[in-house]
Amino acid sequence: MDKRRAVVIGSGIGGLTAALALHRSGWQVTVLERAGSLEPVGAGIGLAPNAQRALDVVGLGDEIRSLAAWQGEGGMRAPSGRWLARTDASAAAERFGGPLVLVHRSLLIDRIAARLPAAALRTG
Ligand SMILES: Cc1cc2nc3c(=O)[nH]c(=O)nc-3n(C[C@H](O)[C@H](O)[C@H](O)COP(=O)(O)OP(=O)(O)OC[C@H]3O[C@@H](n4cnc5c(N)ncnc54)[C@H](O)[C@@H]3O)c2cc1C
């Protein structure tokens, strides 16, 4: 029987993760990305426990956790330097059920994309 087919529009973290989940479930997936290539963009991204659980589902959770940057106290500042929110790793772990994992956004995208068949991703 032919494989079921899916087309995912957009190769952001959401699209690639959905595509990987479908691929692992036996679907033939094509990801259509309007950008010309998957250029590294952005800076760090903090992955909360729920995001890590989604990565567990597609078999990437432990790999990404092992690449996590150091975590300590942190938060968000306005461009003026004023703190908008502050927390530390243990407070976040207590509140959300596990530590935040901080990785570079392009690394996360590369690791998800690498688990898809090369022909699955079409840019441009
Ligand atoms: C400054 C900033 C910091 C953030 N920090 C965090 C954080 O620390 N932790 C966290 O969990 N989240 C964070 N977020 C939110 C997180 O980045 C987004 O929720 C997530 O990246 C969204 O992923 P996505 O795949 O849904 O969309 P996107 O990353 O927006 O990807 C959409 C893709 O679809 C493509 N596309 C759009 N339209 C079309 C079309 N018609 N045809 C083909 N391709 C198309 C686009 O080119 C793009 O590549 C942050 C967001 C910002 C802006």
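Parameters and conventions
- Residues numbered from 1 in each chain as written.
- Predicted model: local features only at pLDDT ≥ 70, side-chain atom pairs only at ≥ 80, totals over all residues.
- Heavy atoms only, no water.
- Helix = DSSP H or I, 4+ residues; strand = E, 2+ residues; numbered from the N terminus.
- Buried < 20%, exposed > 50% of the residue type's maximum accessible area, 1.4 Å probe, protein only.
- Contact = heavy atoms within 4.5 Å.
- Near = heavy atom within 4 Å.
- Polar contact = N/O pair within 3.5 Å; in protein donor to acceptor, adjacent residues only side chain to side chain.
- Areas by Shrake-Rupley, 256 points an atom, 1.4 Å probe, with all protein chains shown as cover.
- Nonpolar A, V, L, I, M, F, W, Y, C, P; charged D, E, K, R; others polar.
- Core = buried A, V, L, I, M, F, W, Y, C linked by side-chain atoms within 4.5 Å.
- Axes fitted to C-alpha atoms, helices over the stretch in contact; angles between N-to-C directions.
- Parallel < 35°, antiparallel > 145°, perpendicular 65-115°, else oblique.
- Left-handed = near helix turned anticlockwise from the far one by under 90°.
- Pairing = 2+ DSSP bridges.

K.L.:
Explain the overall build of the protein chain here, please?
P.N.:
Helices and strands together make up the secondary structure of the protein chain, namely five helices and seven strands. For the protein chain, the α and β elements follow one another from N to C terminus as β-α-β-β-α-α-β-β-α-β-α-β. Referenced to the eigenvectors of the C-alpha coordinate spread, the extents of the protein chain come out at roughly 55 × 30 × 20 Å. Per-residue burial for the protein chain yields a buried fraction of 28% across its 124 residues. Relative to all contacts within the protein chain whose residues are 6 or more apart in sequence, the contacts with residues 24 or more apart total 65%.

K.L.:
I'm lost on the site of the ligand in this one. Help?
P.N.:
Around the ligand, 13 residues are found, and the nearest of them are Gly14, Glu33, Arg34, Gly46 and Arg105. In this structure, a nitrogen atom belonging to the ligand sits 2.8 Å away from a main-chain N or O atom of glycine 46. When the ligand sits alone it has 1000 Å² of accessible area, and the protein chains cover 40% of it. Residue assignment for the shell around the ligand shows that the elements contributing at least two residues are helix 1 (13-24), strand 2 (28-33) and strand 3 (44-47). Examining the composition of the shell around the ligand, we find that three residues originate from one element, helix 1, more than from any other. Looking at side-chain class alone, the shell around the ligand contains four nonpolar, six polar and three charged residues.

K.L.:
Help me out: how do you make sense of the nonpolar core in this one?
P.N.:
By size, the foremost hydrophobic cluster in this structure holds 20 residues, and its most contacted members are Leu47, Leu55, Leu60, Ile64, Val103, Leu108 and Leu116. Going through the elements one at a time, helix 1, strand 2, strand 3, strand 6 (101-104) and helix 5 (105-113) are the ones with two or more residues in this core. In terms of residues, this core owes the most to one element, helix 5, which gives four residues. Those residues in contact with isoleucine 64 that sit more than four places away from it in its chain are Leu47, Leu55, Val101, Val103, Leu107, Leu108 and Arg111.

K.L.:
So what exactly am I meant to see when it comes to the packing of helix 1 against helix 5 here?
P.N.:
With their axes 9 Å apart at the nearest point, helix 1 and helix 5 run at an angle of 25° to one another. Taken together, the axes of helix 1 and helix 5 lie roughly parallel to each other. Seen along the crossing, helix 1 lies across helix 5 with a hand that is left-handed. Residues Ile13, Leu16, Thr17 and Leu20 of helix 1 lie in contact with helix 5, whose contacting residues are Arg105, Leu108, Ile109, Ile112 and Ala113. Considering only residue class, the contact of helix 1 with helix 5 consists of seven nonpolar, one polar and one charged.

K.L.:
Can you walk me through the sheet that holds strand 2 in this structure?
P.N.:
Each strand in a sheet pairs with another by means of backbone hydrogen bonds, the pair being arranged parallel or else antiparallel. Pairing is parallel across the open sheet formed by three strands, whose spatial order is 1-2-7. Looking along the sheet, the strands with just one partner apiece sit at the ends: strand 1 (5-9) and strand 7 (121-123). Geometrically, the sheet is characterised by an average inter-axis angle of 20° between neighbouring strands, direction not taken into account. In this sheet, strand 2 lies alongside strand 1 in parallel orientation, the contact comprising five bridges. Following the sheet pairing, valine 7 is matched in strand 2 by threonine 30.

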